[in-house]
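A look at the structure
For reference, the chains in residue letters:
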Amino acid sequence: MQEDLNDMAYFAAVVQYQGFTAAGRMIGVSKSVLSRRIEALEARLGVRLLNRTSRHFSVTDVGMRYAQECRKLLELAQDARQVIDQAQQFPQGFLRITAPVMMAEVVIAPIVSRFLQLYPQVTCEVLGMNSRVDLLEENVDVAIRTHEVPLEDSSLYRRPLGQLRNLLVASPEFIAQCAVPPSIDTLEQLPVLTRHSASSRSEWRLHHAELGSRSVQVQARLRSNNLMVVMQAAIDGLGVALISEHACHDALAEGKLELVMPDWHTAPSYISALYANKRGQSSALRAFLDYLSQAMGAE
């Protein structure tokens, strides 16, 4: 027989405080509710736990022994609850995280490092993967993706993390050496540094808040499938690069790079954390999603 812990707690309180009125006052439950629940408990158990009349209240022998065992079970239940409370207060466990390679290296890596310092009982595996993964089949807890709206994979839950734009950047030395200030009309005449280009010619589609969108054919002086190679070349003054704002944030703050044509950039895409389970999340996953949102400015 599966008993209701609430009824056991009610009965233990009635015995402890020697009556329905006193017990109800202490635990915030009306006398009538307590009486009704304990009568139902006695009916399920098939024994009398209390002797009660309008003038007399006492606990039967079996009721006294049952109350003692109820208190033991309630203490065990409280201990079990403390395990959950501590896990929620001090997240622990293993997380498997995926993100595009560039984002994993530049954005997610420092966030995960700070998160692990904050929560020493959590362990992580971070996978830089440009291909899409099946979160359930590959045991991935959370995937960070850039995407358009609406989100293609509607079977997953989504935590918005913000927007992502690519900015035009170059070294201060390169900008100073330009005979004519770079503009949308002169950009194709400048040496540029590109990613993911199969040939030396590339097309950059740029957006301006007032002037709309414009496609520019550019000539690559250097191309690489590795963002860090492109960004280092920009820092070294080899040309103009189109780099995500998250990736070049530190270099801009340190003065190693400057914005070129600040009003022009790519149209924003969205960054989201995707996960398969909304209920029953581990304390580590809940803590990481909250920390990730705050770190990326979504909260």
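Thresholds, definitions, all that
- Starting afresh in each chain, residues are numbered from 1 along the sequence in its written order.
- Local features in this predicted model are restricted to residues whose pLDDT is 70 or higher, and side-chain atom pairs enter the listing and the counts only when it is 80 or higher, whereas totals over whole chains, interfaces and linings include all residues.
- In computing side-chain properties, one takes all heavy atoms of the structure into account and sets aside hydrogens as well as water.
- Numbering goes from the N terminus for both helices and strands, where a helix is a DSSP run of H or I of at least four residues and a strand is a run of E of at least two.
- Here the globule rule is a power law, 2.2 Å times the number of residues to the power 0.38, and the radius of gyration is based on C-alpha atoms.
- Per-residue accessibility, obtained with a 1.4 Å probe over protein chains only, is compared with the maximum for each type, and a residue is labelled buried under 20%, exposed over 50%, and partly exposed between these values.
- Residue contacts are counted whenever heavy atoms from the two residues lie within 4.5 Å of one another.
- Here, Shrake-Rupley sampling with a 1.4 Å probe gives the accessible areas, and only protein chains in the shown set may cover a residue.
- In this tally Asp and Glu are treated as negative and Lys and Arg as positive; neither His nor the chain ends contributes.
- Charge positions come from single atoms, namely NZ of Lys, CZ of Arg, CG of Asp or CD of Glu.

Observations concerning the overall build of the protein chain
For the protein chain, the count of helices and strands is nine helices and 14 strands. Here the protein chain has a C-alpha radius of gyration of 32 Å; the compact-globule value for 299 residues is 19 Å, and the former is much larger. Dimensions of the protein chain, computed from the C-alpha atoms along their principal axes, are close to 105 × 35 × 35 Å. In the protein chain, buried positions account for 39% of the 299 residues. Expressed as a percentage of contacts within the protein chain between residues at least 6 apart in sequence, the contacts between residues at least 24 apart total 74%. As presented, the protein chain carries roughly 16900 Å² of accessible surface, and 49% of it is formed by carbon and sulfur atoms. Here the protein chain carries 29 positive and 32 negative side-chain charges, and the mean point of each set is 10 Å from the other.

Observations concerning the side chain of T98
Position of T98 among the secondary structure elements: in strand β3 (residues 93-99). In contact with T98, not counting residues within four places along its chain, are L127, M129, V133, V140, V142, A143 and I144.

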